[in-house]
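Okay, here's what each chain looks like letter by letter:
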Amino acid sequence: MEQPGSSRRSVRDMTARFDCLTDAYRCFLSGSCPSERAADLACVIFAEMCGRVAGEDRGYYHDKSVELTCISLTLVEKITSSLTAESLTPEVTSYCVEILRVLFQDMDLMSQLVHQFQAEDQTISHLAAKSVSTHVLYDLHKSGTVSPVWQQKCVQLFHRSSPCTELDACLWSLIEVLKRLLKGAHQERSEILEKLLSAFDSSLSALCSKFLPVERKAVTQRSVDLTSSTHRGTTFYLLLELLEVLTASSFICGTGVCLKSQRLTYIHSSALLTTVSSSSEHFVKKRVLLLLKRAVLQKAGEDWALGEMLSTGLKHEYFSSDMSILAQSVLQAVAADWLLSVQAESVSFFGGTSLCQGGEGQKPDCVMLRAVSLLLLKSLELHIQTAAGTARGMHFQRDSGQTVLQRHITAPVSLWATGLQSVTEGYGYLQTLLAFLRRCSVQMTEVIHCCCWVSLLFGEQDDDMMEAAKAFLSIFLHHRVCSGLDDFAVLEAACASGCNPHCHFLLLLQSISFDHSILLDFLISTETCFLEYFVRYLKYLRTDWQGFTVTCQRVSLTASCGAAVSGLTFEWKTGTRSCQNQVESGFCFQPTTLIPPVEGFNSAPGPRLVEYDSSDESDPDNMEVSEDSQETWKRHMGPEVSLCEQSGFSDWEVKQDTCSPPISISQTEHVSSDSTELRSDPISSMERRPGGSPLPVGQSKHSGQVSCETLARAMFCLSELREVVTRLQTKKLFPYNPSSLLKLLAQLEKYSQHSHQVTSQ
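Not measured: the values here are computed from a predicted model.

Criteria and thresholds
- Residues numbered from 1 in each chain as written.
- Predicted model: local features only at pLDDT ≥ 70, side-chain atom pairs only at ≥ 80, totals over all residues.
- Heavy atoms only, no water.
- Helix = DSSP H or I, 4+ residues; strand = E, 2+ residues; numbered from the N terminus.
- Buried < 20%, exposed > 50% of the residue type's maximum accessible area, 1.4 Å probe, protein only.
- Contact = heavy atoms within 4.5 Å.
- Phe/Tyr/Trp six-rings, centres within 6.5 Å; stacked < 30°, edge-to-face > 60°.
- Lys NZ or Arg CZ within 6 Å of the ring centre and 35° of its normal.
- pLDDT = per-residue confidence, 0-100.
- Core = buried A, V, L, I, M, F, W, Y, C linked by side-chain atoms within 4.5 Å.
- Salt bridge = Lys/Arg side-chain N within 4 Å of Asp/Glu carboxyl O.
- Polar contact = N/O pair within 3.5 Å; in protein donor to acceptor, adjacent residues only side chain to side chain.
- Axes fitted to C-alpha atoms, helices over the stretch in contact; angles between N-to-C directions.
- Parallel < 35°, antiparallel > 145°, perpendicular 65-115°, else oblique.
- Left-handed = near helix turned anticlockwise from the far one by under 90°.
- Nonpolar A, V, L, I, M, F, W, Y, C, P; charged D, E, K, R; others polar.

1. Considerations on the overall build of the protein chain
And step 1. In terms of regular secondary structure, the protein chain is built from 30 helices and eight strands.
And step 2. Relative to its 761 residues, the protein chain shows a buried fraction of 52%.
And step 3. Contacts in the protein chain between residues far apart in sequence, at least 24 positions, make up 75% of those at least 6 positions apart.

2. Details of the environment of A42
And step 1. For A42, the position within the fold is in helix 2 (residues 38-47).
And step 2. When neighbours within four sequence positions are excluded, A42 is seen to be in contact with I99, V102, L103 and M107.

3. Some thoughts on the packing of aromatic side chains
And step 1. On inspection of all chains with the given rule, the structure shows 18 aromatic pairs.
And step 2. Considering the side-chain rings of F476 and Y540, the 5.3 Å spacing of their centres and the 70° angle between planes classify their relative orientation as edge-to-face. Taken together, the residues span a long stretch of sequence, with F476 in helix 21 (residues 462-482) and Y540 in helix 25 (residues 530-541) at a distance of 64 residues. The burial state of F476 is the same as that of Y540; both residues are buried.
And step 3. Ring pairs connect the aromatic residues F476, F505, F522, F530, Y533, F534, Y537 and Y540, which therefore count as one cluster.
And step 4. For K64, the ring lying beneath its charged end belongs to F18, and the centroid distance is 5.9 Å.

4. Digging into the side chain of R263
And step 1. By secondary structure assignment, the location of R263 is in the loop between helix 11 (230-253) and helix 12 (264-267).
And step 2. The class for R263 is buried, based on a relative accessible area of 14%.
And step 3. Excluding residues that lie within four positions of it along the chain, R263 makes contacts with C258, Y318 and D322.

5. Some points on the confidence of the model for the protein chain
And step 1. Looking at the protein chain as a whole, the pLDDT averages 74, with 65% of positions reaching at least 70.
And step 2. When pLDDT is averaged over each element of the protein chain, helix 25 comes out on top at 96 and strand 8 (residues 694-695) at the bottom at 33.
And step 3. The model gives residues 52-57 a pLDDT under 50, and that stretch makes 15 contacts with residues more than four places away or in other chains.
And step 4. Below a pLDDT of 50 lies the segment residues 556-707, which in the model reaches 330 contacts outside its immediate sequence neighbourhood of four places, other chains included.

6. Re the nonpolar core
For soluble globular proteins, nonpolar side chains are generally found buried alongside one another.
And step 1. In this structure, W150, W453 and F548 are the most contacted members of the largest nonpolar core, which totals 191 residues.
And step 2. With sequence-adjacent residues up to four places away left out, F548 is seen in contact with H502, F505, L506, Y537, L541, L711, A714 and M715.

7. Brief notes about the environment of L437
And step 1. With respect to the element layout, L437 can be found in helix 18 (residues 404-440).
And step 2. Considering only alpha carbons, one finds L437 and S373, 64 residues apart in sequence, at a separation of 8.6 Å.
And step 3. Every residue in contact with L437, bar those within four places of it in the chain, is listed here: L369, S373, M444, W453 and L457.

8. Remarks on the pattern of salt bridges
And step 1. Going through the model one piece at a time under the given rule, you end up with 22 salt bridges.
And step 2. The salt bridge partner of E241 is K179, with a shortest N-O separation of 3.6 Å. With E241 in helix 11 and K179 in helix 8 (residues 165-183), the pair connects residues that are 62 residues apart, well separated along the chain. No difference in accessibility class separates E241 from K179, as the two residues are buried.
And step 3. In the salt-bridge network here, residues are joined through shared partners; they are K179, E241, E244, R287, R294, E302 and D303.

9. Details of helix 22 (residues 487-496)
And step 1. Here helix 22 lies mainly inside the structure; seven of its ten residues are buried.
And step 2. Taken together, the buried positions of helix 22 are D487, F488, V490, L491, E492, A494 and C495.
And step 3. If you check the start of helix 22, you find a side-chain oxygen 3.1 Å away from the backbone N of F488, and it comes from D486.
And step 4. Two residues or fewer after helix 22 comes G498, characterised by a positive phi angle close to 70°.

10. Observations concerning the packing of helix 2 against helix 4 (residues 90-106)
And step 1. Following both chains from N to C, one finds helix 2 and helix 4 inclined at 50°, their axes separated by 9 Å at the closest point. By the criterion of interaxial angle, the relationship of helix 2 to helix 4 is oblique. Of the two elements, helix 2 crosses helix 4, and the hand of that crossing is right-handed. Judged by residue contacts, A38, L41, A42, I45 and F46 of helix 2 engage Y95, E98, I99, V102 and L103 from helix 4.
And step 2. Among the residues making up the contact of helix 2 with helix 4, the classes are represented as nine nonpolar, no polar and one charged.

Written out as C-alpha cells, the structure is:
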C-alpha cells in the first residue's frame, strides 16, 4: 500500500510536470523559448509516453496520467509542425530541432508513439497518430526518408487486415501524410509521393483485397458483415478516405509512374457497388457513392483540396482502362438490378437520427440520389466515348487504297454498326434510372415530362447539374448519329427518356429567369464545366434549329420555377395526339447534318481539346474547350468569381416582345436570298403534310398559330449574353478569348431573325 507521503510527492511531481509542459506550449505559441533546457524538456515529454503511474487511487492517477500524455503528444505535434512550416525564429528553431533530435534519435520516441496506436483511450491513439504523421512529413521534407518504424507497423497491420484501433490509427496517419503532401507546394512533391506510395503499394493492395474482394462471390459473402459493427464501420470509412486520397494522387502524378495502390478505386469498383447495396450503415453507403462519383468525374479530393490541388491534365498510362473498368462495373451492376437494392432514404435528422414509422415524412437523401444519377450518366458517357474511339481506331487505320476523305465519309456507317447495341441499351439505362428516382422520391413521381427531373434533382448543385447536362448531351448525340432516325423521331425518343438537350437548356434558362448575367458567371467561373457544355450544345443547336423552335413552342410556362420544373406541361403534338402515345406523326423534321461523334478517351499527354489562347486558332467548326485552358483562365482570373444565386421564377418581371402575329397554314414562303451566307440553313427545311405540301416550321396541320414567347425570351437572353461578352472582350476584361463562342451566338441570332422573317410573311 502506497504511503500518504509518497502519494503527496507523486501529486506534486505530476503537477510540476503538468506546469512544465503547459508553460512550454505557451512559449511556443508566443514564439519564444521555454526556460528549461531542450534536453530536460525532452525528458519530461518522453516520460509521459512510457506508462501510467500505479497506485491504489487508480482513477485519479489514471486521469492525470492520460491528461499529461495528451499534453505531451500535442506539444510534440506543435513543435514538429512549426518546424515544417518554417514559422519560427532562428533561436526557437534551434531549440526545437534539439528537442526532436533528443526525442527521436537518442530516445527513439517514434517507437513509443506507434505503441500508443493501440491505446484503449481513443484520444491518445488519435493524438499519437497525429504526432506521427506530422513527424513523418517533417522527415520527408527534410531528408526524403520514410520512418522505418512507422512503415513497418503500418505494413504489418495492413497485411493482417483485422479491424482494430491500431489499424485505424495507421490508416488515419497515412491519410493525413498523403493529404498534406498533395496540398503542399513542395518542388519534389511527385518524387516524394512516389517514394512513399512505393513503400506501401503491396500492403495497401492486400488490405483492399481483404475488405473489397474482386471476385463477385467473395464480395457477396464478405460484404454482409464488413460494416456490421461500429468499429468495422469506422475502419471501412477510413479505408474509403484512403482510396479517395490514392485516387487523387494519381491525378497529381500525371504521366509519371502509377502504382497499383493508386488504381484501387477502379479495380475494386464492383465490390464498392456491392457494398452500397449490402451495408447496413448509411454513412458508409453514402461515402462509397461519393467516392465513385468523384472518381468518374475526376474530382477526387475536392472536399479537402480547397482549390490548391489541380489536375495536371496529363493522364497516366492506365487512365483509359481504369475509367472503362469503372464504367463497365456500373453498367453491369445496373443491368443486374443493382438500383433495386439501393436505399437512399435519409436517416440523419437535426438532433440525431430517427426512424419514421410507416414511412411518413421520410425524405430521400438527395446527395445519394445525385451521386447515383451522375455515376450512371457518366458511365454511359464513358462507355459511348470508348466505343466511339474504338470504332474510329478500327476504321481510320492507314490504308493505301483509301483516301482520307473516303474514310471520313464512311465513318458514321462504321460507328452506326458498332454502336447499335449501345443505342438500344442506352435509353434503357436512363429509364431504369428514372424508375429508381421515382421510387425514392415523391417529387419525382409528380414529374410530367421526363426531362424535368434533371432540374429538379440538380437544381441546387450547379457543378453536378452541368456535368449531368453534358453527359446527357453526349448520350443524345451518340443516339442521334447511330440510330438512323430522323430528327423528330430522335427528339421524341429523347423526351421519353429524359434526354432531350433542348429541354435541358430551356429548363436551365427558366431556372435562372432567363438572366444572361448568370450565364456570364457560369462562363467565367472554373467551378463548373458549363463552358464545355454550352459550346457543344450551341454547335448542336446550329444544326437543329427546328427542334429548338418546336421545343420552345411546346413548353407551357407556369407562374413559378418550382411548378415549371415539377409540373411542366410539355407535349410534342403529332397529328391529333401527343408523342407519348407513340402514334404516327402528322409531320416530321427533315434530316439535318450529323454531328461528329464524341471524342473517345485519349491517354496520350497533351491538350485534349482546342484552346482559346489565340483568336487565329478559334474556329467554330473545331471549337472545343480544353482542360488545360481552364488552368490558363484561372491564372488570368485571380480571385474566384462568385456565382449568382438562382432566384425563384415567379410572374414575369420583364415583358418581352412576342413573335410575329399568327401565321396561316397557306403561307409557305421560302427562305430569302439574303440568308445564303449561312452555310447550313436549318431554317429552310420545311415540314410537309402526308401529301407533300410544306408547312411552316413548328406547326402541325391542326394548329392555327405558333406561340413563341419562350423562344423570344431564350434568344433575347443569348443576345444579351453575346453583347456583354463582346463589351468585356473589347475592354480586355474577359478572362479568355471568346471569339469562337461569339461567332456561334451570332449565327444563332441570324437563324432566329431569319425564322422571324419567314413566319411573319
